[in-house]
There are 2 protein chains.
Amino acid sequence: MHGFIDEKQGEPQKVSLLSFLYLLNAMQVKATHRIKHGFTICVRSFLPVGAGLGSSASYSVVMATGLLILSGLIPADFNTSPERDQYLDMINSYAFRAEQVIHGNPSGVDNAVCTYGGAKTFVRGQGFSTLEGFQSVRLLLTNTKVPRSTNALVASAGQKKEKYPQIMNPILDAMDGISVRCRDAFKGLALGEITEKELMQELGDLVVLNHCLLDAIGVSHPSLEKVKSITSESGLKTKLTGAGGGGCAVSLIPSGGVGANAISLTDNENESWLLDLSREEIQKYL
Amino acid sequence: MHGFIDEKQGEPQKVSLLSFLYLLNAMQVKATHRIKHGFTICVRSFLPVGAGLGSSASYSVVMATGLLILSGLIPADFNTSPERDQYLDMINSYAFRAEQVIHGNPSGVDNAVCTYGGAKTFVRGQGFSTLEGFQSVRLLLTNTKVPRSTNALVASAGQKKEKYPQIMNPILDAMDGISVRCRDAFKGLALGEITEKELMQELGDLVVLNHCLLDAIGVSHPSLEKVKSITSESGLKTKLTGAGGGGCAVSLIPSGGVGANAISLTDNENESWLLDLSREEIQKYL
């Protein structure tokens, strides 16, 4: 399979081609009608690639969906079919295998979000579940454009954990505590136990705590610290996203808060977008 | 006693006068010869006041020493006396009471360092002990000149601990892990288990971890983050010192590392000094 890959191409091109060939091969074994003619696939991404935004999961899901239709394993109108759920499971399962080809050991949460939509919580070993009470969050997404290597960052944090277990283990416990609090805060909003303002206050606290702990374990980057510092001048809480070490930062935008123009960070170094992660907005693209 | 205090004076002036009057009063009860004549005390501080450098402990120790001599409770040549140790204990005990007047609930480690010299470790409830294996550390000390309120910072961290125990408790455990590792690293050097280079590497890691955790619990400040960012460009590891929220930052200078001029941060905003915290340097002033 490696014969198809042009060694002069960049890593994203290589792994995307490799995962495509993997999916094609895996599906052809089970296909009801084998693909006999050549075909052209055109992929365009509006997501920056390799910036911690799950562009590979997005790519894997559309590629799995397209090839499953082409192989006759799911109908083209699967999204309005009564068996929609099981078709989605099949798409998610193939997309996960493509993600494994790309990343080695992905959590599976990125492809799940791309397949099913909505907001998910994930615990390794326990899988993912839908985040209860999630309505909408407005985020400022800033791409520092600093390239990073997820594997190197994960390895470096792993070495720190081995060298300083009595420091790193409690930090990881604190991060787990942050995830649990975040999940409970959304649930609390759904149950009417807290107001939306209290939710935003709590999410802000958790974003700050989370970013500092990520900085502690060594996966931040001067470019991310700069974004954090600039956004904090407007009172925004910012954390790195993805594996860190560059890539993107997300800032929480309070409802009715700062205007988009006032907080745009697009300049020579960074590029930023204002996102509305509401359930309705996401559904539009499904 | 409050009648002596001019309300127009600043807080440092007020509490220093108050602690002086407290010491004078407390000693006169036990004095072998009561002070009958007026006297002038002139205090000059080369330490920035209220910047987290323990200037109050330094003040308390010299004031306790001077007044103990004046009251006939210790001899003027106490430092060369065979009973030196018990005179030092007495000085430390009075200095701690002066610190209580100034701070409310001080740990007692600052006055102990000022009284006995050397480097100390401190565990609340267990008291302090001498840091084994401590030879010397070169530090760059940068005063951000941002005023801060220790009480407000401690209260805010306390509120966070109450609101997010499942996050804050493990962070405090991690900080405890940092202190233990730091103590063990110096001991390791004394026992020849690690080299000085390994010690400096480990201290650097611990300084970074500690600062990030202090930032997480909310006691850093944009001015401190800026010092951290500037010094990190020269590869220096920096943490806040004292209660944070402004005040001073310390950067670890590797032996044979960056020249003092290259890393001076003295500008319109900050003032910095290069310090040699070797046992020999400290003894000079004792």
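Residues numbered from 1 in each chain as written. Chains lettered and ligands numbered in written order. Predicted model: local features only at pLDDT ≥ 70, side-chain atom pairs only at ≥ 80, totals over all residues. Heavy atoms only, no water.

Per an unreviewed UniProt entry, chain A carries the name Mevalonate kinase and comes from Rhizopus delemar. Taken from UniProt, the Pathway (unreviewed entry) comment for chain A reads in full: "Isoprenoid biosynthesis; isopentenyl diphosphate biosynthesis via mevalonate pathway; isopentenyl diphosphate from (R)-mevalonate: step 1/3." As its UniProt record puts it under Function (unreviewed entry), chain A is described as follows: "Mevalonate kinase; part of the second module of ergosterol biosynthesis pathway that includes the middle steps of the pathway. The second module is carried out in the vacuole and involves the formation of farnesyl diphosphate, which is also an important intermediate in the biosynthesis of ubiquinone, dolichol, heme and prenylated proteins." (UniProt positions renumbered as here; feature names shortened; annotations may be inferred.)

Chemist: Just checking my understanding: could you explain the overall build of chain A for this structure?
Modeler: Scanning chain A for helices and strands turns up nine helices and six strands. Evaluated residue by residue, chain A yields a buried proportion of 43% over its 286 residues. When contacts within chain A are restricted to residue pairs at least 6 apart in sequence, those whose partners lie at least 24 apart make up 63%. Taken as a whole, chain A presents about 15,200 Å² of accessible surface, with 53% of it coming from carbon and sulfur. (Helix = DSSP H or I, 4+ residues; strand = E, 2+ residues; numbered from the N terminus. Buried < 20%, exposed > 50% of the residue type's maximum accessible area, 1.4 Å probe, protein only. Contact = heavy atoms within 4.5 Å. Areas by Shrake-Rupley, 256 points an atom, 1.4 Å probe, with all protein chains shown as cover.)

Chemist: Is there a simple way to explain the relation of the copies chain B and chain A in this structure?
Modeler: The transform that puts chain B on chain A rotates by 180 degrees and translates by 0.0 Å along the axis, for an RMSD of 0.1 Å. One copy is carried onto the other by what is essentially a two-fold rotation axis. If distances are taken from each C-alpha of chain B to the rotation axis, the shortest is found for Pro-170 of chain B, at 2.4 Å. Comparing interface residues between copies, 100% of those in chain B also lie at the interface in chain A; the contact surface is shared. (Least-squares fit on C-alpha atoms with pLDDT ≥ 70 in both.)

Chemist: When you look at the interface of chain B and chain A in this model, what are you seeing that I'm missing?
Modeler: When the parts of a complex come together, some accessible area is lost, and that lost area is often taken as the interface size. Each partner contributes residues to the interface: chain B has 24 residues there, and chain A has 24 residues. Buried surface at the junction of chain B and chain A, both sides included, amounts to about 2,100 Å², of which 65% is carbon and sulfur. Connecting chain B to chain A are eight residue pairs in polar contact (both at pLDDT 80 or more). Among the elements of the structure, α6 (165-190), α7 (196-216) and α8 (222-233) of chain B are those that each provide at least two residues to the side of chain B that touches chain A. The greatest single-element share of the side of chain B that touches chain A, amounting to eleven residues, is contributed by α6 of chain B. Split into classes, the residues belonging to the side of chain B that touches chain A amount to 13 nonpolar, three polar and eight charged. (Buried area = accessible area lost by both parts, 1.4 Å probe. Polar contact = N/O pair within 3.5 Å; in protein donor to acceptor, adjacent residues only side chain to side chain. Nonpolar A, V, L, I, M, F, W, Y, C, P; charged D, E, K, R; others polar.)

Chemist: When you look at the domain arrangement of chain A in this model, what are you seeing that I'm missing?
Modeler: Residue and element names in this part refer to chain A. Entries for chain A in the domain assignment read domain 1 (9-116) and domain 2 (136-285). Distance between the C-alpha centres of domain 1 and domain 2: 28 Å. At the junction of the two partners, domain 1 supplies five residues and domain 2 supplies eight residues. Taken over both partners, the interface formed by domain 1 and domain 2 buries close to 500 Å², and the fraction arising from carbon and sulfur atoms is 56%. When residues of domain 1 are sorted by the area they lose upon contact with domain 2, Ala-51, Gly-52 and Leu-53 head the list and together hold 63% of the total. At the surface where domain 1 touches domain 2, the tally comes to zero residue pairs in polar contact (both at pLDDT 80 or more). (Domains from an automatic or database assignment.)

Chemist: What am I meant to see in the confidence of the model for chain A here?
Modeler: A low pLDDT means the predicted coordinates there should not be read in detail. Confidence along chain A averages 86 in pLDDT terms, with 88% of residues attaining 70 or more. As scored by the predictor, the complex reaches a pTM of 0.82 and an ipTM of 0.80. (pLDDT = per-residue confidence, 0-100.)

Chemist: What exactly am I supposed to notice about the environment of Gly-133 of chain B here?
Modeler: Residue and element names in this part refer to chain B. Counting through the fold element by element, Gly-133 comes out in the loop between β2 (127-130) and β3 (138-143). Each C-alpha atom, one on Gly-133 and one on Arg-183, is 8.8 Å from the other, the two residues being 50 residues apart in sequence. Aside from chain neighbours lying at most four places away, what touches Gly-133 is Phe-186, Leu-189 and Ala-190.

Chemist: Can you walk me through a nonpolar patch on the surface in this structure?
Modeler: Where nonpolar side chains cluster on the molecular surface, the patch consists of Phe-39, Ile-41, Val-43 and Leu-70 of chain A and spans about 300 Å² of accessible area. For Leu-70 of chain A, the location among the structural elements is in helix α2 (residues 55-70). (Patch = residues over 30% accessible without salt bridge, like charges linked within 9 Å, V, L, I, M, F, W, Y side chains within 5 Å. Salt bridge = Lys/Arg side-chain N within 4 Å of Asp/Glu carboxyl O.)

Chemist: Sorry, what's going on with the nonpolar core here?
Modeler: The tendency in soluble globular proteins is for nonpolar side chains to be buried side by side. If you look at the biggest cluster of nonpolar residues, it comprises 41 residues, and the most contacted ones within it are Ile-171 and Leu-213 of chain A together with Ile-171 and Leu-213 of chain B. Those elements that place two or more of their residues in this core are α6 (165-190), α7 (196-216) and α8 (222-233) of chain A together with α6, α7 and α8 of chain B. Not counting residues up to four positions away in its chain, the partners in contact with Leu-213 of chain A are Ile-171, Ala-174, Met-175 and Ile-178 of chain A together with Ile-171, Leu-213 and Ala-216 of chain B. (Core = buried A, V, L, I, M, F, W, Y, C linked by side-chain atoms within 4.5 Å.)

Chemist: Any chance you could explain the packing of α6 of chain A against α6 of chain B here in plain terms?
Modeler: Relative orientation of the contacting elements α6 of chain A and α6 of chain B amounts to 170 degrees, with a least axis distance of 8 Å. In this view, α6 of chain A runs roughly antiparallel relative to α6 of chain B, as classed from their interaxial angle. Every residue of α6 of chain B that contacts α6 of chain A at Pro-165, Gln-166, Ile-167, Pro-170, Ile-171, Asp-173, Ala-174, Gly-177, Ile-178 and Arg-181 of chain A is listed here: Pro-165, Gln-166, Ile-167, Pro-170, Ile-171, Asp-173, Ala-174, Gly-177, Ile-178 and Arg-181 of chain B. In the contact of α6 of chain A with α6 of chain B, the residues fall into twelve nonpolar, four polar and four charged. (Axes fitted to C-alpha atoms, helices over the stretch in contact; angles between N-to-C directions. Parallel < 35°, antiparallel > 145°, perpendicular 65-115°, else oblique.)

Chemist: How do you make sense of the UniProt feature "domain: GHMP kinase N-terminal" (unreviewed entry) in chain A when you look at a structure like this?
Modeler: The sites that carry the UniProt feature "domain: GHMP kinase N-terminal" (unreviewed entry) are, in the present numbering, residues 32-118 of chain A. Along residues 32-118 of chain A, the helical share is 51% and the strand share 0%, with 32 Å between the first and last C-alpha atoms.

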